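Now for the letters of each chain:
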Amino acid sequence: MIDDTVRVAERIDLLTAETSEGEQGLQSRASTSSGQLRREVGAVLRLDGKTLDPSSIDYEVRDDETMIINMGPAHPSTHGVLRLMLELDGEFVLRTKPVVGYLHTGMEKTGEELSYVQGGTNVTRMDYLSPVINELSYSMAVEKLLGIEVPERAVWIRMLMSELNRVCSHLVWMATNGMDLGASSMMIYGLRERELILAFFEKTAGLRMNLNYVRPGGVAADLADGWQDDVTVICDTIHDRTFDYDQLLTGQPLFRQRMVGVAPITAEEALALGLTGPLLRSTGVPWDLRRTMPYLAYDQVDFDVIVGTYGDNFDRYAIRLNEIRESIRIVRQCIEKMPSGDYRSQDPKVTPPPRARIGESMEALIHHFKLFTEGFQVPEGEVYSAVESPRGELGCYLVADGGAKPYRIHVRAPSFVNLQAIPLLMRGGTVSDAITVISTVDPVMGEVDR
Amino acid sequence: MIALPPLAPPGVLTSDGHDAAICCFPTKQQYVALVDAFKNDGFEMCVDLCGVDYLEFPTRQLPSGVTPTRFEVVVNLLSLSRRERVRIRVQAGDDEPEVDTLFDVYPGTEALEREAFDMFGVLFTNHPDLTRILMPEEWEGHPLRKDYGSGRIPVQFKQTPGPR
Amino acid sequence: MALEDLQHNFLTGRIEDLVRWARRASVWPASFGLACCAIEMMATGGADFDIARFGMEVFRNSPRQADLMIVAGRVSQKMAPVLRQVYDQMMEPKWVISMGVCASTGGLFNNYAIVQGVDQIVPVDVYAPGCPPSPETLMHAILTLHETIRTGDILKRRDEGRPLHLAHDQSSWTPEVPVAVRVGTPK
């Protein structure tokens, strides 16, 4: 006769053993070294006693007074598969440790097996909310190694698509942030506006997401006829509707109580942790690569870098909302200033012959075939190219050995680095604040784990 | 190309950085002191840290005087005030790569160093919590090493027999 | 009671049909978003595509309350045990849609990190192709599943084929993640 209670208990143990990540998780205080504890409570960021009071390091808390609970990786508010282990004292969070890797895809390894032509399909799937910007970072790195110039029109098309993508990404952020806070209508609105942009992407590149549109040497296809009208409609609609979001969220007392003054971070802490993007700007540091180290043609358009003051949740929200408006400003200027010309480099090394010539000329056919089977060779060297993604500095470090495939491709993912701020931001807050912290840090797990 | 910071340890080899302002090749002993000197010189942020395995590409170009090793740790620093980047490449060793941690200089390198450890097996001395970060805890091997297979499974275009 | 006494119209039918109809019309998905496909799954729940037309807008966060697991995105080796655990927590009857090529076959990422097909871990009813599948593709998969439910066997259990001695022998019980899934492949 089988004792069901025993069996069920064993089963739970086995399942826990199967899903536990051992040392990667948060340990009890008894088995944590003092150095590690100081790190987990953020004491290493003390920086001469200015930013964190040394006496607030709670060495005297005992294990039997606290509880370690697990949140994720299948949790609705963790934006994917982030797993957090929280040490709670009642309702208050003392220590937090993010456990990542649940979406580790081995993209850096796969990137070494794909040629430079194919590489775009790989990187575009890293940060799935801003595929164009991923491709841009990768393409710019390859172009720097090759030393080729991109035609003026391609530069502006890239800029147009990047900014539309930034709007798209921030809209999804607005939607999910609203849902995390219980503002479900924001979820519906955010996704509704996003569809406008996705329809334009589909028209231009053929896909809604993961476009593989920006490629080394230019972009994959020219903009469709009448794109100006489409983009103007998108700009007008979304710009008007951002004011609806103001009414729905910005001035809402319930929303403000969850956001204003919650989880602040200072500029010193942000810099020490290497945070970039809206997290860094919310502390008042005006650092936006589009302005400070301009790439593409960002030095020829007029836009504002939005900065916050307090570094709290509300600043991060307000920055993203206003960046939607600024991006739309840039998009409007792209419509006006879009030059004519080629949409991709005419260097035969990287660019296949036009489709029409393949039917006529044997050389063109061979050229096309070789380019897409063998790829092109990139001279030896290493390069780091950085662009401003919606989440911060997106860098691509590329090592080339002279062959047709990258020797090493490393992506500096802004979410991965920004995630380190979570323990600091959550410390001392309640569990419900923890939800808003995850949301406003805005990690995209595909990019964190790569 | 910019000059090395005044506090830099003597004898650091450098080269033109192309996209960065300067590329430095410190030895393991000079490494942390050099990064610290750059930090005092206005490089507020450590943007990126990654490992590279040069097993299949030992002929890379290095300034004379640098002994190439199999593993390399590449650090990218950023100065917000001067709007400059520097790159530091340190030769980490052949079989058991090991360098000192940058955690005390830039706490933000914690996760990046854990990733380099997970993917390449580079040990970072004095790192507060050197555990795997992306792979499962009991995983064997370091996947981004060049002698580690990609794990590709041949694609079968025929239905395989067997119960489903 | 004779049927003549009823005040309303009525239909007669088999209880199986009624059960199938009820199940088909209220499939509650578990929100199990993993990667890119999860964004398209959210878009399917959004205003433009409106999954509520199929009685499926209630994305349940607790697996105990869900009937359908939409595996939206690539499943890594680290995630595989978690996915199986969530699946085991779901109540019978339950169904699985494998959304996107990464979940179905591993897709672009044929490497050490990704499980080459979620059907190695959980039984899959419908595969939706695409990278990521557009919301229309997902809705087609959902309608296909509805048709399967409408014509399926209502008493079938997932664990039915499992040998009894395994189900009751404590010492040999293992979580149903294949061991091969967690072993690395050095060259």
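Predicted model only: the values in this text are computed from it and were never measured.

**Some remarks on the overall build of chain C**
Logical step 1: Scanning chain C for helices and strands turns up six helices and four strands.
Logical step 2: Start at the N end of chain C and walk to the C end: the helices and strands fall as α-β-α-β-α-β-α-β-α-α.
Logical step 3: Across the 187 residues of chain C, 48% fall into the buried class.
Logical step 4: By sequence separation, contacts in chain C at least 24 residues apart represent 77% of the contacts at least 6 residues apart.
Logical step 5: Surface summary for chain C: the accessible area is close to 8,900 Å², and the carbon and sulfur share equals 56%.

**Quick notes on the interface of chain B and chain A**
Logical step 1: On the chain A side, the residues contacting the 57 residues of chain B number 50 residues.
Logical step 2: Between chain B and chain A, roughly 4,300 Å² of surface is buried when both sides are summed, and carbon and sulfur atoms account for 57% of that area.
Logical step 3: Area buried by chain B at its contact with chain A is led by Phe57, Leu134 and Leu144 of chain B, which between them contribute 13% of it.
Logical step 4: For the pair chain B and chain A, the interface holds six salt bridges.

**Let's talk about helix α5 (residues 131–146) of chain A**
Along an α-helix, a turn takes 3.6 residues, which lines up residues three or four apart on a common side.
Logical step 1: Compared with an ideal rise of 1.5 Å per residue, which puts 16 residues at 22 Å, α5 of chain A spans 23 Å between its outermost C-alpha atoms and is within 8% of the ideal.
Logical step 2: At the C-terminal side of α5 of chain A, Gly147 of chain A shows a positive phi close to 70 degrees.

**What to know about the packing of aromatic side chains**
Remark: the centre distance and the inter-plane angle together describe each pair of aromatic rings, the angle taken between the planes.
Logical step 1: Counting across every chain of the model gives 13 aromatic pairs over all chains.
Logical step 2: For the pair Tyr295 of chain A and Tyr298 of chain A, a centre-to-centre distance of 5.1 Å together with 70 degrees between the ring planes defines the contact as edge-to-face. For the pair Tyr295 of chain A and Tyr298 of chain A, one class covers both residues: buried.
Logical step 3: Ring centres 6.5 Å apart and planes at 75 degrees place the aromatic pair Phe71 of chain B and Phe120 of chain B in the edge-to-face group. One end of the pair, Phe71 of chain B, is in strand β4 (residues 71–79); the other, Phe120 of chain B, is in helix α2 (residues 110–120), and 49 residues separate them in sequence. The residues Phe71 of chain B and Phe120 of chain B share a single accessibility class, namely buried.
Logical step 4: Above the ring of Phe314 of chain A, the side-chain terminus of Arg256 of chain A is found at 4.8 Å from the ring centroid.
Logical step 5: The residue whose ring lies beneath Arg320 of chain A is Trp173 of chain A, and the NZ or CZ to ring-centre distance is 4.6 Å.

**Focus: a negative patch on the surface**
Logical step 1: A cluster of acidic side chains, namely Asp94, Asp95, Glu96, Glu98 and Asp100 of chain B, defines a negative patch on the protein surface.
Logical step 2: Examined against the element boundaries, Glu96 of chain B turns out to sit in the loop between β5 (84–93) and β6 (98–100).

**So, helix α6 (residues 152–180) of chain A**
Residue and element names in this part refer to chain A.
Logical step 1: Look at α6: 42 Å from first C-alpha to last across 29 residues, which is about the 42 Å you get at 1.5 Å a residue.
Logical step 2: Taken across its 29 residues, α6 has 27 buried, putting it largely inside the fold.
Logical step 3: Positive phi shows up at Gly182, right after α6, with a value of about 95 degrees.

**A look at a nonpolar patch on the surface**
Residue and element names in this part refer to chain A.
Logical step 1: Where nonpolar side chains cluster on the molecular surface, the patch consists of Met362, Leu365 and Ile366 and spans about 280 Å² of accessible area.
Logical step 2: Of note, Ile366 is situated in helix α15 (residues 362–373).
Logical step 3: Classification of Ile366 as partly exposed rests on a relative accessible area of 44%.

**A short note on the side chain of Gln333 of chain A**
Logical step 1: Along the polypeptide, Gln333 of chain A turns up in helix α13 (residues 313–337).
Logical step 2: Excluding residues that lie within four positions of it along the chain, Gln333 of chain A makes contacts with Trp156, Val301 and Asp302 of chain A.

**Things to note about the packing of helix α7 (residues 184–205) of chain A against helix α2 (residues 36–45) of chain C**
Logical step 1: α2 of chain C packs onto α7 of chain A with a crossing angle of 110 degrees between their chain directions and a minimal axis gap of 9 Å. In terms of axis orientation, α7 of chain A runs roughly perpendicular to α2 of chain C. α2 of chain C is crossed by α7 of chain A, and the crossing has left-handed handedness. Within the contact between the two elements, α7 of chain A uses Met187, Leu191, Arg194, Glu195 and Leu198 of chain A and α2 of chain C uses Ile39, Glu40, Met42 and Ala43 of chain C.
Logical step 2: Partitioned by chemical class, the residues of the contact of α7 of chain A with α2 of chain C number six nonpolar, no polar and three charged.

**Quick notes on the environment of Phe59 of chain C**
All names here are of chain C.
Logical step 1: Among the structural elements, Phe59 can be located in the loop between α2 and β2 (68–72).
Logical step 2: Each C-alpha atom of the pair Phe59 and Val27 lies 9.7 Å from the other, and the pair is 32 residues apart in sequence.
Logical step 3: Discounting residues that sit within four places of it in the chain, Phe59 has contacts with Pro29, Ala30, Ser31, Met41 and Ile51.

**Observations regarding the sheet that holds strand β3 (residues 92–99) of chain A**
All names here are of chain A.
Logical step 1: Across the sheet, which stays open at both edges, the three strands sit in the order β1-β2-β3 with antiparallel pairing between neighbours. Strand pairing shows two members of the sheet lacking a second neighbour, β1 (67–71) and β3, which therefore form its edges. For this sheet, the mean inter-axis angle between neighbouring strands, taken without regard to orientation, is 25 degrees.
Logical step 2: Note: strand β2 (residues 83–89) against β3, seven bridges, orientation antiparallel.

**Brief notes about the confidence of the model for chain C**
Logical step 1: When pLDDT is averaged across chain C, the result is 78; 81% of the residues are at 70 or more.
Logical step 2: Scored below 50 in pLDDT, residues 162–187 of chain C shows 48 contacts in the model against residues more than four places distant or in partner chains.

**Section: the environment of Pro6 of chain B**
All names here are of chain B.
Logical step 1: Mapped onto the fold, Pro6 is located in the segment before β1 (13–15).
Logical step 2: Owing to a relative accessible area of 73%, Pro6 belongs among the exposed residues under this scheme.
Logical step 3: Spatially, the C-alpha atoms of Pro6 and Phe38 are 8.8 Å apart, while their sequence positions differ by 32 residues.

**With respect to the pairing of β2 of chain A**
Residues and elements named next belong to chain A.
Logical step 1: Most of β2 is tucked away, with six of its seven residues classed as buried.
Logical step 2: Two strands pair when backbone bridges link them, and β1 and β2 are joined in this way by five bridges, in the antiparallel orientation. Across the sheet, Ile69 pairs through a bridge with Leu86, a residue of β2.
Logical step 3: The hairpin formed by β2 and β3 contains two residues between the paired strands, and Gly90 there has a positive phi angle of roughly 65 degrees.

**Looking at the pattern of salt bridges**
Logical step 1: In the structure shown here, the tally under the stated rule is 42 salt bridges over all chains.
Logical step 2: Between Asp288 of chain A and Arg290 of chain A there is a salt bridge, and its shortest N-O distance comes to 2.9 Å.
Logical step 3: Judged by relative accessible area, Asp288 of chain A falls into the buried class, the value being 1%.
Logical step 4: Measuring nitrogen to oxygen at the nearest pair gives 3.0 Å for the salt bridge that ties Glu84 of chain B to Arg82 of chain B.
Logical step 5: Using a relative accessible area of 33% as the deciding quantity, one classes Arg82 of chain B as partly exposed.
Logical step 6: A single network of salt bridges, built from pairs that share partners, joins Glu163, Arg166, Arg281, Asp288, Arg290, Glu323 and Glu388 of chain A.

**A short note on the nonpolar core**
For soluble globular proteins, the rule of thumb is that nonpolar side chains tend to be buried together.
Logical step 1: Ranked by internal contacts, the top residues of the largest apolar core, which has 208 residues, are Tyr128 of chain A, Tyr31, Val73 and Leu77 of chain B together with Val75 of chain C.
Logical step 2: Of all the elements, α6 of chain A adds the most residues to this core, at 15 residues.
Logical step 3: Within the second largest apolar cluster, 22 residues are counted, among which are Met41, Leu68, Leu138 and Ile149 of chain C.

How each quantity is defined
- Residues numbered from 1 in each chain as written.
- Chains lettered and ligands numbered in written order.
- Predicted model: local features only at pLDDT ≥ 70, side-chain atom pairs only at ≥ 80, totals over all residues.
- Heavy atoms only, no water.
- Helix = DSSP H or I, 4+ residues; strand = E, 2+ residues; numbered from the N terminus.
- Buried < 20%, exposed > 50% of the residue type's maximum accessible area, 1.4 Å probe, protein only.
- Contact = heavy atoms within 4.5 Å.
- Areas by Shrake-Rupley, 256 points an atom, 1.4 Å probe, with all protein chains shown as cover.
- Buried area = accessible area lost by both parts, 1.4 Å probe.
- Salt bridge = Lys/Arg side-chain N within 4 Å of Asp/Glu carboxyl O.
- Expected span 1.5 Å × (residues − 1).
- Phe/Tyr/Trp six-rings, centres within 6.5 Å; stacked < 30°, edge-to-face > 60°.
- Lys NZ or Arg CZ within 6 Å of the ring centre and 35° of its normal.
- Patch = residues over 30% accessible without salt bridge, like charges linked within 9 Å, V, L, I, M, F, W, Y side chains within 5 Å.
- Lys, Arg positive; Asp, Glu negative; His and termini not counted.
- Charge placed at Lys NZ, Arg CZ, Asp CG, Glu CD.
- Axes fitted to C-alpha atoms, helices over the stretch in contact; angles between N-to-C directions.
- Parallel < 35°, antiparallel > 145°, perpendicular 65-115°, else oblique.
- Left-handed = near helix turned anticlockwise from the far one by under 90°.
- Nonpolar A, V, L, I, M, F, W, Y, C, P; charged D, E, K, R; others polar.
- Pairing = 2+ DSSP bridges.
- pLDDT = per-residue confidence, 0-100.
- Core = buried A, V, L, I, M, F, W, Y, C linked by side-chain atoms within 4.5 Å.

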